[in-house]
Amino acid sequence: NIFRFNDKKIKNELIEFLFFEGDRIKNNNEVSKALLEIVKSSYTDNNTDYSQNYNFLLFYSSLSVLINQNNFEAIFIKGKLLEIIQNYLFAETTYLKIPKTSEYFLDAQKNIAFNYSLENDFVKAEKKILNIIINNDKEYELTKILADFYRIEKKYYKAIQIYSKLLEENRDDSWYINYLRGICYERSGNWKNAEIDFLKSL
């Protein structure tokens, strides 16, 4: 209330947005959401130019979490921001605060797995990604990350094996899995199977 008005009795727009709904003071959950809205209005996955404002965004996302530790969207976005500045260890610590019951849990686990592939040597990254998959009942999207990891690391035989298992599930993205497996066949010199997968993908 002290900061709501300036000397000319004009409302402070930021204070008003964060803490008030009409003349009612918002509860913690509402304030947490308002803080996150400020972050979301500035944050997009496509924008990677955070050299000037990532501290600002991390500040507001951290406040959002501090006020409501069950705001898992705020925790997830904070993790994404930490990824952007390549603080993968802190990002992982942040993601691990999201419980399995949250709709953001699986995406958080996917990001942890993907980040392992960026910051560790092959053996260590492989082990960590495999552990995440096992701990999440061999979830489809996580398993795709492992296959992609093998493909990027040019372990084409291993990638082909996993892509083949994924195709057995006949998901909506089977065309894309065929395409990725086709790349692995082509890179490993098996053009016959590569052509079959590319045609299926088309």
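You'll find the structure just up there.
Quick look at the structure, then. Along every chain, residues carry numbers that run from 1 in the direction the sequence is written. Since the coordinates come from a predicted model, pLDDT governs what is reported: local features require at least 70, and pairs of side-chain atoms require 80 or more to be given and counted, while whole-chain, interface and lining totals use all residues. Processing note: side-chain calculations cover all non-hydrogen atoms of the structure and skip hydrogens and water entirely.

1. Re helix α8 (residues 140-152)
Thought 1: Runs of H or I in DSSP of at least four residues are treated as helices and runs of E of at least two as strands, each being numbered from the N terminus. A helix's residues, less one, multiplied by 1.5 Å, set its expected span. Over its 13 residues, α8 extends 18 Å from the first C-alpha to the last, a length consistent with the 18 Å expected when each residue adds 1.5 Å.
Thought 2: For α8, a buried count of ten out of 13 residues is recorded, marking the element as mostly surrounded by other parts of the structure.
Thought 3: For α8, the full list of buried residues reads Tyr140, Leu142, Thr143, Lys144, Ile145, Leu146, Ala147, Phe149, Tyr150 and Arg151.
Thought 4: For α8, the side-chain oxygen to backbone nitrogen distance between the N-cap and Glu141 is 2.7 Å, and the N-cap itself is Glu139.
Thought 5: Looking at the residues trailing α8, positive phi occurs at Lys154, about 65 degrees. Each residue is assigned to one of three classes by its accessible area relative to the maximum for its type, calculated with a 1.4 Å probe on protein chains only: buried under 20%, partly exposed between the two thresholds, exposed over 50%. Two N or O atoms count as a polar contact when they lie within 3.5 Å, although within protein this holds only if one can serve as hydrogen donor and the other as acceptor, and sequence-adjacent residues are included solely when both atoms are side-chain atoms.

2. With respect to the nonpolar core
Thought 1: To qualify as a nonpolar core, a set must consist of buried Ala, Val, Leu, Ile, Met, Phe, Trp, Tyr and Cys residues joined through side-chain atoms within 4.5 Å. Ranked by internal contacts, the top residues of the largest apolar core, which has 51 residues, are Ile98 and Tyr163.
Thought 2: If we ignore the near neighbours within four places in the chain, the residues touching Tyr163 are Ala147, Asp148, Arg151, Ile177, Leu180, Arg181 and Cys184. By definition, residues are in contact when any of their heavy atoms lie within 4.5 Å.

3. A few points about a nonpolar patch on the surface
Thought 1: On the surface, Trp175, Tyr176 and Tyr179 cluster together into a nonpolar patch covering about 330 Å² of accessible area.
Thought 2: Tracing the backbone through its elements, the reader meets Trp175 in helix α10 (residues 174-187). Excluding any residue in a salt bridge, patches collect residues exceeding 30% relative accessible area, merging like charges within 9 Å and nonpolar Val, Leu, Ile, Met, Phe, Trp and Tyr side chains within 5 Å. With residues, only the protein chains shown are counted as cover, and all accessible areas are computed by Shrake-Rupley using a 1.4 Å probe. Here, a salt bridge means any Lys or Arg side-chain nitrogen found within 4 Å of an Asp or Glu carboxyl oxygen.

4. Details of the packing of aromatic side chains
Thought 1: Ring pairs are drawn from Phe, Tyr and Trp, using the six-membered ring of Trp, whenever the two centres fall within 6.5 Å, and their geometry is named by plane angle: stacked under 30 degrees, edge-to-face over 60, tilted for the rest. Scanning the model with the defined rule gives eleven aromatic pairs in all.
Thought 2: Pairing Phe122 with Tyr150 gives two aromatic rings, centres 6.2 Å apart and planes at 45 degrees, and the pair type is tilted. One end of the pair, Phe122, is in helix α7 (residues 122-135); the other, Tyr150, is in helix α8, and 28 residues separate them in sequence. We note that Phe122, like Tyr150, is buried.
Thought 3: Site record: aromatic cluster; members linked through ring pairs are Trp175, Tyr176, Tyr179, Trp191 and Phe198.
Thought 4: By definition, being over a ring means that NZ of Lys or CZ of Arg is both within 6 Å of the ring centre and within 35 degrees of the ring normal. The cationic tip of Arg171 hangs over the ring face of Tyr140; the distance from NZ or CZ to the ring centre is 4.1 Å.

5. Observations regarding the environment of Ser64
Thought 1: Following the sequence through the fold, Ser64 ends up in helix α3 (residues 54-67).
Thought 2: Among the residues examined, Ser64 registers a relative accessible area of 0% and is labelled buried.
Thought 3: Along the sequence, Ser64 and Gly79 sit 15 residues apart, while their C-alpha atoms lie 13 Å from each other.
Thought 4: Discounting chain neighbours no more than four positions away, the residues touching Ser64 are Ser32, Leu35, Leu36, Asn71 and Ala74.
Thought 5: At 3.3 Å, the side chain of Ser64 forms a polar contact with the side chain of Asn71.

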